[in-house]
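# Commentary on secondary and tertiary structure
Now for the letters of each chain:
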Amino acid sequence: MEHRISSTVESIPFSIIREMSLKALEYENVIPLGIGEPDFNTPKIICKSALADALAGATHYTPSKGDPDLIEAICDHLSINRNQKVTPENVVVTGGGMGALVAYFRSVLSPGDEVLVPEPYFPAYKPQIEWLGGKIVGVPCSLEKGFIPQADDIVNCITPQTKVLLLNYPNNPTGAVISASDLDLLSQIAIRYDLLVISDEVYDKLLFLNKPHESPFSRPGMAERTVVIQSFSKSHAMTGWRVGYAFGPQWIIDPMTKVVSYFTSCASSVSQRAAISALHIDTQLFENMVALFERRSRFVYEGLSQIPGILLHKPDGTFYLFPDIHTLTTDSYKFALELLDKEQVAVVPGEAFGPCGKGFFRIALTLPENLLGLAIERIERFVRTHY
Ligand code: PLP
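Residues numbered from 1 in each chain as written. Predicted model: local features only at pLDDT ≥ 70, side-chain atom pairs only at ≥ 80, totals over all residues. Heavy atoms only, no water.

## Looking at the overall build of the protein
A count of helices and strands for the protein gives 13 helices and 12 strands. Compactness check: the protein gives a C-alpha radius of gyration of 21 Å against a globular reference of 21 Å for 387 residues, within 12% of the reference. Over its C-alpha atoms, taken along the principal directions, the protein stretches across nearly 60 × 60 × 50 Å. Within the protein, residue pairs in contact and separated by at least 24 positions form 76% of the contacts whose partners lie at least 6 positions apart. Of the accessible surface of the protein, which amounts to about 17,000 Å², a share of 55% is contributed by carbon and sulfur atoms. (Helix = DSSP H or I, 4+ residues; strand = E, 2+ residues; numbered from the N terminus. Rg over C-alpha atoms; globule rule 2.2 N^0.38 Å. Contact = heavy atoms within 4.5 Å. Areas by Shrake-Rupley, 256 points an atom, 1.4 Å probe, with all protein chains shown as cover.)

Put into structure tokens, the structure is as follows:
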């Protein structure tokens, strides 16, 4: 039978991250630094609470907007922890942060609309935008500038078709965190050029040095044009539960709720109960997790910085590092394949995150320090032997 797949879907291949993790399975003793998820299980207290709720009958569809108890817990959480006054009309619960991104783009983009995204960027943005007929416009960011977009570069990319500015801080894949003053500048640009802003803040809890999280949503005049994407995946070690949410102005949250209702009905009821528990338990558990990621990040930063030919930006958050290997090669795809083959270390080539990622690779610090130390030794041997 002829395999008649949609040309739109066929136009974009499976992600390089997925390809590299499949390749890694072909090797023994691999040190996997490819996949971006915490190496902790969801705390048992959350699992037990969700199980108890399931046994008590929380097994039905919830409203498309989300379980009212979760929405209330989210509003309380935003008010207490971010000083953001958000009411239930401003919130929609989704299948992970990914579900919130999909619902957002589906709600605001018409064919031909352009979305500005500082590059390198999280790979899922591109298919999500382009499958709707939108266009992703990468704004290259350099290591020298800490991977933060420069105001002039953003303005130079604005056309009459530009509708949305997408920001993602703390950033995947670079670990960069934007300063309050840079956010002020970008917010002023958004207002001047009448752009919508989507702020993907799924790593907002993974900040180092006890830095406060900064969001464009809280800038003057921005709440009416900004939607924030949130998730329990990274902050609460809950990747498999698939629960996240968005908050923002009702005029965008309402159509997003409509998209959820027609595409998935609602997020998983049991996962939503787990999320309520996650918002209520002692935050110390998660603070310990962040402290551990910070220690690992500093450890690997120091280790890789000693290797001739590797340059690094010191991350202020997340569990990623994005080493620059331009002086060794710009073909980071080949570099990653050979590193896997010769030394069994799995990393993600930088081009997975947009064309300007060439000459970089991403590692996720989701392993204990002894394995990270071994990975540094192997990378060093590989670089010294082959470059
Ligand atoms: N946004 C960014 C920047 C991410 O890195 C991820 C996952 O890696 C997501 C959104 C989606 O996360 P989830 O759907 O698990 O909440």
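The discussion continues.
## Some points on the site of the ligand
For the ligand, the set of nearby residues contains 14 residues, the closest of which are G97, D200, Y203, S231 and S233. A distance of 2.6 Å separates a nitrogen atom of the ligand from a polar side-chain atom of D200. In the environment of the ligand, an oxygen atom lies 2.5 Å from a nitrogen or oxygen atom belonging to the side chain of S231. Contact with the protein chains hides 92% of the accessible area of the ligand, taken as 390 Å² for the molecule alone. The greatest single-element share of the shell around the ligand, amounting to three residues, is contributed by helix α5 (residues 96–108). For the shell around the ligand, a count of residues per class yields five nonpolar, six polar and three charged. (Near = heavy atom within 4 Å. Polar contact = N/O pair within 3.5 Å; in protein donor to acceptor, adjacent residues only side chain to side chain. Nonpolar A, V, L, I, M, F, W, Y, C, P; charged D, E, K, R; others polar.)

## Regarding helix α13 (residues 369–386)
Along its 18 residues, α13 runs 25 Å from first to last C-alpha, staying within 8% of the 26 Å computed at 1.5 Å per residue. Burial in α13 covers these residues: L372, G373, A375, I376, R378, I379, F382 and V383. Against the buried residues of α13 lie β1 (31–32), α11 (284–305), α12 (332–343) and β10 (345–346). (Expected span 1.5 Å × (residues − 1). Buried < 20%, exposed > 50% of the residue type's maximum accessible area, 1.4 Å probe, protein only.)

## Structural notes on the pairing of strand β5 (residues 162–167)
Extensive coverage of β5 is indicated by the burial of five of its six residues. Bridge count between strand β3 (residues 114–119) and β5: three bridges; the pairing is parallel. Along β5, the bridge assignment pairs E114 with T162. Relative to strand β6 (residues 196–200), β5 is paired through four bridges, and the arrangement is parallel. Each residue of the ladder has a partner; that of L166, found in β6, is I198. Taken together, β5, helix α8 (residues 180–192) and β6 form a β-α-β motif whose crossover is right-handed. (Pairing = 2+ DSSP bridges. Right-handed = clockwise from strand over helix to strand, strands pointing away.)

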